[in-house]
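Given next are the chains, with one letter for each unit.
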Amino acid sequence: MSAEQDILQELAGREYEFGFETQIEMDIAAPGLNEDTIRFISAKKQEPEWLLEWRLKGFQLFQKLTMPNWQNFKLPEVDFQGVSYYAAPKNKVKYNSLDEVDPELLRTFEKLGIPLEEQKMLSGVAVDAVFDSISVATTFKAQLHELGIIFCSFGEAVQEYPELVKKYLGTVVPQSDNIYAALNSAVFSDGSFVYIPKGVRCPMELSTYFRINAKNTGQFERTLIIADDSSYVSYLEGCTAPMRDENQLHAAVVELIAMDHAEIKYSTVQNWYPGDKDGKGGIYNFVTKRGICKGKNSKISWTQVETGSAITWKYPGVILQGDNSIGEFYSVAVTANKQVADTGTKMVHIGKNTKSRIISKGISAGHGHNTYRGLVKVGPNATNARNFTQCDSLLIGDRCGAHTFPYIESKNNTAMVEHEATTSKIGEDQVFYLNQRGIDNEQAVNMIVNGYAKEVLNQLPMEFAVEAQKLLSITLEGSVG
Amino acid sequence: MLDIKNLHAAVEGNAILKGINLTVKPGEVHAIMGPNGSGKSSLASVLAGRESYEVTEGSVDFLGKDLLDMSPEVRAREGLFLAFQYPVEIPGVSNINFLKTAVNEIRAYHGQPPMQAKAFLDMLKSKQKLMEFDANLMNRSLNEGFSGGEKKRNDIFQMAMLEPKLAIMDETDSGLDIDALRIVSAGVNKLRSKDNAFIMITHYQRLLEYIVPDFVHVLYNGRIVKSGTKELALELEEKGYDWLKEDIRLEEPVQ
Ligand SMILES: Nc1ncnc2c1ncn2[C@@H]1O[C@H](COP(=O)(O)OP(=O)(O)OP(=O)(O)O)[C@@H](O)[C@H]1O
Ligand SMILES: [Mg+2]
């Protein structure tokens, strides 16, 4: 067999690094999904009436909507009644200070590389740490507050800034967008809220770290980021979950709003538990993420490094409404073992001179299947709209697959839409070349893959680029061919 | 240093090397010439451990160890270097990072700690000067978009960095312009010592004027059919290979 096959075999047994479980007393709602579940969540969070009504409307939509059937994988049956929709460390709905947080929880985040205590905090990065359904702590909050920046858990935003939440919630991703978005709007637990006031450049990276811990629960977080005129923010999310034989559902909604001249950079390093090498267990990562460039000259960039999850199914998109606005999507999606990814973006050009750029790098190894699906839509008023799409697939071994579905809908003949696609295999020649310089197979493959993904990795904030590179290597050590 | 005995190798069942015997001692430079398709690159590949070649007979001793028993990376770490006839491109991998990894892998194998950034940079600079290698190329991705000659020069630069005991240069001269040939040759001459050895595969006598070999061998149809000194190369330049082929045909038993 070829060297590639050997690497595949050799690497296939790799363990998931973050698969441990935190032993802590939890407040877990009984499994089941009905209006009472929603009232229970809303009551736990002491929400205002309007939000409960909004949730209930979401639930009605969820019941009406049907599952999509266009995806390029077999949609697993999800037993919505078998899942618990609320799990929080016992007796706590809200932590007022770190002293109230169970040390076990702090240890958990520390183990994940996210220390929350003042003296250990990552410098230059403010973190909102979400554990199952609730936010445990948000660092650097006070410092940010001085600049008028709001960075807090979603639950807290509902209490403290209800007008802002009410004004923007659901305006980018309507509740009826798709069945999982509807579900999220009914049962969403926690998440992050960011508001950057006019003219403020957020001086540090904001990030949320999501951890699923409890068994038999789903995670349904919601993130809302508003960048007011001429502001800038770079935001990053990371995620992990314990190893379990059962699949767990993660159905988040993220909404970004950029006003005139504002810029939002949103990066994801997704490392949910991918399941074992036979495809048992793992997270279903069914997420709706969308941003709107509402104001003129605004810009939204999505960068995602997707290495985890049994199934990754998401299309972070940008609605380019403001004239001269820019949307970007940079993605590396890795599918190893039996992982599946059906991901890409939607760029909707509405305003004049709007530009979008899509760089997608799929990497498939083992029996992994990787689909790029992208929509570039140009409306009748989007004079001089420009899109460039580059969509590359890298295959490692011969049992994996790569698929590309680019859709283009243009209603304006001044628009220019460019699409380039390549598919390549990690060549034995490349591996041998590196071998001949003293580098072993495993490291050779890592180098080749990281080189291939570089254009996207370069988009990540410095602090996370190294982490993402490591993650790529580790993921592929699990299943490269 | 290198002792090849009756080496036979096949690709996909086709016999390519058919009984190679060759001994290389420290301090020596050997040139291997021969017509297209005679098996020169195949010999280099087999020595470097390319997986598609199956060794069917014979043995290779390298510095007292069984070379054929080692994986390609271990051969490299033991001090065998191959400058490829066609170096491959590895997009996005920075030349410098790649070199640093290679240097440190080899050091680790010999129980040495990784090189400090400063020391590595100093070495990089001194070798770059020695080989007159373009600093811009050093900062680019590994061979990505390099011209044919630039790739060859990058391989030789790597050779200078890795300081192998035995370097096999597969047609390093083809693709080099006149000045580059002179520069690369001068660099190689500076790398020569009593402890290392070179095998140069080439079609042209010209290279051998710059890097003067101790021995010249002619590989034909998977065998070394003639060995001599540098004068043999001159003779080949003049007469081509046909006279050798005829000699061989006469020697071969009638089937
Ligand atoms: N995969 C393969 N399958 C069949 N034959 C092969 C394969 N690889 C190499 N060969 C053959 O082996 C023979 C030797 O090739 P090799 O590349 O070693 O020649 P060479 O002496 O280096 O030639 P050149 O001077 O043109 O570089 C050639 O006839 C070639 O076609
Ligand atoms: Mg050759």
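Structural notes, computed from the coordinates. (Residues numbered from 1 in each chain as written. Chains lettered and ligands numbered in written order. Predicted model: local features only at pLDDT ≥ 70, side-chain atom pairs only at ≥ 80, totals over all residues. Heavy atoms only, no water.)

Right, let's get into the overall build of chain A. Across its full length, chain A carries 11 helices and 23 strands. At a minimum sequence separation of 6, the contacts of chain A that also span at least 24 residues come to 84%. Working note: accessible area of chain A is about 17,600 Å², and carbon and sulfur atoms make up 48% of it. (Helix = DSSP H or I, 4+ residues; strand = E, 2+ residues; numbered from the N terminus. Contact = heavy atoms within 4.5 Å. Areas by Shrake-Rupley, 256 points an atom, 1.4 Å probe, with all protein chains shown as cover.)

With that settled, consider the overall build of chain B. From N to C terminus, chain B includes 10 helices and 10 strands. The globule rule puts the C-alpha radius of gyration for 255 residues at 18 Å, and the 18 Å found for chain B is close to it. For chain B, buried positions account for 54% of its 255 residues. Within chain B, residue pairs in contact and separated by at least 24 positions form 69% of the contacts whose partners lie at least 6 positions apart. Summed over its atoms, the accessible surface of chain B is roughly 11,800 Å², and 49% of this surface lies on carbon and sulfur atoms. Within chain B, the 37 negative side-chain charges are centred at a point lying 5 Å from the centre of the 30 positive side-chain charges. (Rg over C-alpha atoms; globule rule 2.2 N^0.38 Å. Buried < 20%, exposed > 50% of the residue type's maximum accessible area, 1.4 Å probe, protein only. Lys, Arg positive; Asp, Glu negative; His and termini not counted. Charge placed at Lys NZ, Arg CZ, Asp CG, Glu CD.)

Moving on: the packing of helix 9 (residues 428–435) of chain A against helix 10 (residues 441–457) of chain A. Residues and elements named next belong to chain A. At a minimum axis separation of 9 Å, helix 9 and helix 10 run at an interaxial angle of 120°. The orientation of helix 9 with respect to helix 10, classified from their angle, is oblique. Our pair here, helix 9 against helix 10, has a crossing hand that is right-handed. Contacts from Gln 430, Val 431, Leu 434 and Asn 435 in helix 9 reach Asn 441, Ala 444, Val 445, Met 447 and Ile 448 in helix 10. Across the contact of helix 9 with helix 10, the residue classes break down as six nonpolar, three polar and no charged. (Axes fitted to C-alpha atoms, helices over the stretch in contact; angles between N-to-C directions. Parallel < 35°, antiparallel > 145°, perpendicular 65-115°, else oblique. Left-handed = near helix turned anticlockwise from the far one by under 90°. Nonpolar A, V, L, I, M, F, W, Y, C, P; charged D, E, K, R; others polar.)

The next subject is empty space enclosed by the protein. Residues and elements named next belong to chain A. Scanning all chains against the criterion turns up seven cavities of 30 Å³ or more. Each pocket or cavity is described by its volume, and for the largest cavity that value is around 90 Å³. Lining of the largest cavity is provided by 16 residues; of these, Ser 360, Gly 362, Asn 370, Thr 371 and Tyr 372 occupy positions nearest its centre. Of all the secondary-structure elements, those providing two or more residues to the lining of the largest cavity are strand 17 (326–335), strand 19 (355–365), strand 20 (369–378), strand 21 (386–396) and strand 22 (401–410). Broken down by element, the residue count for the lining of the largest cavity peaks at five residues, all from strand 19. Classifying every residue of the lining of the largest cavity gives five nonpolar, nine polar and two charged. (1 Å grid on protein atoms, 1.4 Å probe; cavity = no way out; pocket = protein on both sides within 12 Å on 5 of 7 lines; lining within 4 Å. Points joined across faces, edges and corners; volume = space filled by probe spheres on them.)

Judged by nonpolar contacts, the single largest core of 115 residues is most densely connected at A:Leu434, B:Leu2, B:Ile4, B:Phe98, B:Met159 and B:Leu166. If we skip the residues at most four places from it in the chain, A:Leu434 touches A:Ile439, A:Ala444, A:Met447, A:Ile448, B:Ile90, B:Phe98 and B:Leu142. Grouped together as the second largest cluster of nonpolar side chains are 36 residues, A:Tyr266, A:Val318, A:Leu320 and A:Val376 included. (Core = buried A, V, L, I, M, F, W, Y, C linked by side-chain atoms within 4.5 Å.)

Looking now at the coordination of the magnesium ion (ligand 2). All names here are of chain B. For the magnesium ion (ligand 2), every protein donor is listed as Ser 41 (OG) and Gln 85 (OE1), and the spread of their distances is 2.0 to 2.1 Å. Of this pair, Ser 41 sits in helix 1 (residues 40–48) while Gln 85 sits in the loop between strand 6 (80–83) and helix 3 (95–109), and the two are 44 residues apart along the sequence. The exposure class assigned to Ser 41 is partly exposed, which follows from its relative accessible area of 24%. Exposure remark for Gln 85: the relative accessible area of 17% places this residue in the buried category. (Donors = N, O, S within 2.8 Å, 3.2 Å for Na, K, Ca; no water.)

A separate point is unusual backbone geometry. Even without a glycine there, the phi angle at A:Asn353 is positive, about 55°. Here A:Asn353 lies in the loop between strand 18 (340–349) and strand 19.

Turning our eyes to something else, we now look at the site of ligand 1. Residues and elements named next belong to chain B. Taken together, 16 residues surround ligand 1, and among them Gly 37, Lys 40, Ser 41, Ser 42 and His 203 come closest. Between ligand 1 and the protein, one listed contact pairs an oxygen atom with a side-chain N or O atom of Asn 36 at 3.0 Å. Between ligand 1 and His 203 there is a distance of 2.9 Å, counted from an oxygen atom to a side-chain nitrogen or oxygen. Coverage of ligand 1 by the protein amounts to 64% of the 640 Å² it exposes when considered alone. The set of elements that each furnish at least two residues to the shell around ligand 1 consists of strand 2 (14–24) and helix 1. Counting residues per element, the shell around ligand 1 draws most heavily on helix 1, at three residues. Residues of the shell around ligand 1, tallied by class, amount to four nonpolar, nine polar and three charged. (Near = heavy atom within 4 Å. Polar contact = N/O pair within 3.5 Å; in protein donor to acceptor, adjacent residues only side chain to side chain.)

Looking now at the environment of B:Leu99. All names here are of chain B. Tracing the backbone shows Leu 99 in helix 3. Separated by 29 residues in the primary sequence, Leu 99 and Gln 128 have C-alpha atoms spaced 12 Å apart. Residues within four places of Leu 99 in sequence aside, it is in contact with Phe 120, Leu 124, Phe 157, Gln 158 and Met 161.

Now for helix 7 (residues 178–191) of chain B. All names here are of chain B. Taking 1.5 Å of rise per residue, 14 residues should cover 20 Å, and helix 7 covers 20 Å from first to last C-alpha, within 8% of that figure. All of the buried residues in helix 7 are Ala 180, Leu 181, Ile 183, Val 184, Ser 185, Gly 187, Val 188 and Leu 191. Turning to helix 7, the residues buried within the fold contact helix 4 (117–130), helix 6 (148–162), strand 7 (166–170), strand 8 (197–201) and helix 8 (205–210). (Expected span 1.5 Å × (residues − 1).)

Our focus in this paragraph is the side chain of A:Asn435. Within the fold, A:Asn435 resides in helix 9. Not counting residues within four places of it along the chain, the set of residues in contact with A:Asn435 comprises A:Asp440, A:Asn441, B:Pro72, B:Glu73 and B:Ala76.

Counting residues at the interface gives 22 residues for chain A and 33 residues for chain B. Around 2,200 Å² of area is buried between chain A and chain B when both sides are counted, 60% of it from carbon and sulfur atoms. Contact with chain B buries area across many residues of chain A, yet A:Phe432, A:Tyr433 and A:Arg437 alone supply 35% of it, more than any other trio. Between chain A and chain B we count two salt bridges in total. Linking B:Arg50 and A:Asp429 is a salt bridge whose minimum nitrogen-to-oxygen distance equals 2.8 Å. (Buried area = accessible area lost by both parts, 1.4 Å probe. Salt bridge = Lys/Arg side-chain N within 4 Å of Asp/Glu carboxyl O.)

With that out of the way, let us pick up the state of the cysteines. Residue and element names in this part refer to chain A. A complete count under the given rule lists zero disulfides over all chains for this structure. Of all cysteine sulfurs, the one in Cys 202 lies closest to Cys 152, which takes part in no disulfide; the gap is 13 Å. Cys 391 takes part in no disulfide bond, and the closest cysteine sulfur to it belongs to Cys 400, at a distance of 15 Å. (Disulfide = S-S within 2.5 Å.)

A separate point is the sheet that holds strand 8 of chain B. Residues and elements named next belong to chain B. With mixed pairing, six strands are arranged side by side in an open sheet as 6-7-8-3-9-10. Since the sheet does not close on itself, it has two edges, and those belong to strand 6 and strand 10 (223–228), each with one partner. Averaged over all pairs of adjacent strands, the angle between strand axes in this sheet comes to 20°, irrespective of strand direction. Relative to strand 8, strand 3 (residues 29–33) is paired through four bridges, and the arrangement is parallel. (Pairing = 2+ DSSP bridges.)

All names here are of chain A. Between helix 2 (residues 35–44) and helix 3 (residues 49–64), the shortest axis-to-axis distance is 10 Å and the interhelical angle comes to 150°. Here helix 2 is positioned roughly antiparallel relative to helix 3, judged by the angle of their axes. The chirality of how helix 2 crosses helix 3 is right-handed. For the pair helix 2 and helix 3, the contacting residues are Glu 35, Ile 38, Arg 39, Ile 41 and Ser 42 in the first and Leu 52, Arg 55, Leu 56 and Phe 59 in the second. Counted by class, the contact of helix 2 with helix 3 contains five nonpolar, one polar and three charged residues.

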